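Observations on the model geometry
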Amino acid sequence: MLSAALAIVLWQLVFCGGVAAQTKGDADAGKVKYQTLCAGCHGNSGRGDGPAAGGLNPKPADLSAAAYYQTVNDNYLVEIIKEGGSKVKKSPLMPGWRGAL
């Protein structure tokens, strides 16, 4: 399952514009949003092993890996979630979720 901490971070990045925007997040709401929009490709635990991942090239990012977050910043995460992969020169198979947020 997606950790509460990861759900809160993703929720804050997308809905609040950044982690520093608020001190408290709604882990349950973040988890539901993640399960609805992201888990199909990134998997329930964020490892990039969702049911659709097998047919994707490139494979979805492993969001559970701490090393991944050392290579990106909050603005990048907000942009890729809202605008999709092609906006940041990543896979065009990742949709932008701006309209779903």
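These lines cover the structure that appears in this document, whether it is placed above or below. (Residues numbered from 1 in each chain as written. Predicted model: local features only at pLDDT ≥ 70, side-chain atom pairs only at ≥ 80, totals over all residues. Heavy atoms only, no water.)

Moving on to the overall build of the protein. Across its full length, the protein holds five helices and zero strands. Its helices and strands taken in sequence order, the protein reads α-α-α-α-α from the N to the C terminus. Burial status across the protein gives 35% buried among its 101 residues. Taking as baseline every contact in the protein between residues at least 6 positions apart, the subset at least 24 positions apart corresponds to 25%. A total accessible area of about 5,900 Å² is found for the protein, and carbon and sulfur atoms account for 55% of it. (Helix = DSSP H or I, 4+ residues; strand = E, 2+ residues; numbered from the N terminus. Buried < 20%, exposed > 50% of the residue type's maximum accessible area, 1.4 Å probe, protein only. Contact = heavy atoms within 4.5 Å. Areas by Shrake-Rupley, 256 points an atom, 1.4 Å probe, with all protein chains shown as cover.)

Core analysis: the largest hydrophobic core is formed by 12 residues, namely Y34, L37, C38, A39, L63, Y68, V72, Y76, L77, I80, I81 and V88. Listing elements by their share of this core, those giving two or more residues are α2 (27-37) and α5 (74-83). At four residues, α5 tops the list of elements feeding residues into this core. Contacts of C38, omitting those with residues within four sequence positions, involve K33 and G43. (Core = buried A, V, L, I, M, F, W, Y, C linked by side-chain atoms within 4.5 Å.)

Under the definition given, this model contains one aromatic pair. Between Y68 and Y69, the aromatic rings sit 5.2 Å apart at their centres with planes inclined by 80°, giving edge-to-face as the arrangement. (Phe/Tyr/Trp six-rings, centres within 6.5 Å; stacked < 30°, edge-to-face > 60°.)

Time to look at the environment of V88. Mapping V88 onto the fold places it in the segment after α5. Using a relative accessible area of 15% as the deciding quantity, one classes V88 as buried. Residues V88 and Y76, spaced 12 residues apart in sequence, show a C-alpha to C-alpha distance of 7.8 Å.

The next subject is unusual backbone geometry. N57 connects to P58 through a cis peptide bond whose omega is 5°. In this structure, P58 sits in the loop between α3 (39-42) and α4 (66-69). At K89, a position not held by glycine, the phi torsion is positive, near 60°. Relative to the assigned elements, K89 resides in the segment after α5.

In this section: α2. Three- or four-residue spacings in an α-helix give side chains the same orientation, since the helix completes a turn every 3.6 residues. For α2, every residue scored as buried is listed here: G30, Y34 and L37. All buried residues of α2 project into a common sector of 85° when viewed along the axis, lining one side. Facing away from the buried side of α2, by more than 90 degrees, are the exposed residues D28, V32 and T36. Between a side-chain oxygen at the N-terminus of α2 and the backbone nitrogen of D28 the separation is 3.3 Å; the capping residue is D26. (Arc of directions from axis to C-beta. Polar contact = N/O pair within 3.5 Å; in protein donor to acceptor, adjacent residues only side chain to side chain.)

What follows concerns α5. Listing the buried residues of α5 in full gives Y76, L77, V78, I80 and I81. A distance of 3.0 Å separates the backbone nitrogen of N75 from a side-chain oxygen at the start of α5, and that oxygen is part of N73. In the stretch just after α5, G84 is the one whose phi turns positive, near 100°.

Bear in mind that shape data such as this cannot, by itself, settle questions of function.
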